[in-house]
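Single-letter residue listing:
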Amino acid sequence: QVQLVESGGGLVQAGGSLRLSCAASGRTFSTYYMGWFRQAPGKEREFVASIKWTNGHTYYADSVKGRFTISRDNAKNTVYLQMNSLKPEDTAVYYCAAAARSSIFSYQPSGYDYWGQGTQVTVSS
């Protein structure tokens, strides 16, 4: 089992920045990827970014490329999502996720096995 706890959400004006953190505990050595997803009201959960735990290779959704940066601190078992140039359409609940069953990267929520409780990000115009 892997437990994930997110922090860092909040309210920010358009053009502003936020940094989300996700602290992992438990069987973290079994994790292949750590990722961030988001879900806006009435919409499906969508992929935002992911990082391979071993080599740090990163993946991004086209909608956030160039604005968001995912990073990790292996010593702290923590993943970060730096969000810059935020837009109102970035408003959503952001979830941290961990993939432990497969070493094959996935953009789909079904490819991740453990989830945090979510943190709200609201971007005002």
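Keep in mind that this is a model prediction, so the values were computed, not measured.

Asker: What's the story with the side chain of D90 in this structure? I'm lost.
Answerer: One can find D90 in the loop between β8 (78-83) and β9 (92-99). The class for D90 is buried, based on a relative accessible area of 1%. When near neighbours in sequence (up to four residues on either side) are disregarded, D90 contacts R38, R67, F68, S85, V121 and V123.

Asker: What's the story with the packing of aromatic side chains in this structure? I'm lost.
Answerer: Each aromatic ring pair is described using two quantities: the centre-to-centre distance and the angle formed by the ring planes. According to the stated counting rule, one finds 11 aromatic pairs in the structure shown. Plain terms: the ring middles of Y33 and Y59 are 6.1 Å apart, the flat faces sit at 65° to each other, and that makes the pair edge-to-face. Within this pair, whereas Y33 is found in strand β4 (residues 33-39), its partner Y59 is found in strand β6 (residues 58-60), the two being separated by 26 residues in sequence. Comparing Y33 with Y59 shows no difference in burial state: the two are buried.

Asker: Just to check I follow, could you spell out the pairing of β9 for this structure?
Answerer: Working note: regular strand, side chains alternate between the two faces of the sheet. Among the 8 residues in β9, 7 count as buried, and that is most of the element. Relative to β9, β4 runs antiparallel, the two sharing 7 bridges. Bridge pairing in β9 places G35 opposite A97. Pairing geometry for β9 and strand β11 (residues 119-124), over 3 bridges, is antiparallel. Within β11, the residue paired with A92 across the bridge is V121. Across 2 bridges, the pairing between β9 and strand β10 (residues 114-115) is antiparallel. Looking across to β10, one finds that A97 is bridged to W115.

Cut-off values and rules
- Residues numbered from 1 in each chain as written.
- Predicted model: local features only at pLDDT ≥ 70, side-chain atom pairs only at ≥ 80, totals over all residues.
- Heavy atoms only, no water.
- Helix = DSSP H or I, 4+ residues; strand = E, 2+ residues; numbered from the N terminus.
- Buried < 20%, exposed > 50% of the residue type's maximum accessible area, 1.4 Å probe, protein only.
- Contact = heavy atoms within 4.5 Å.
- Phe/Tyr/Trp six-rings, centres within 6.5 Å; stacked < 30°, edge-to-face > 60°.
- Pairing = 2+ DSSP bridges.

So far we have only geometry, and geometry alone does not tell us how the molecule works.
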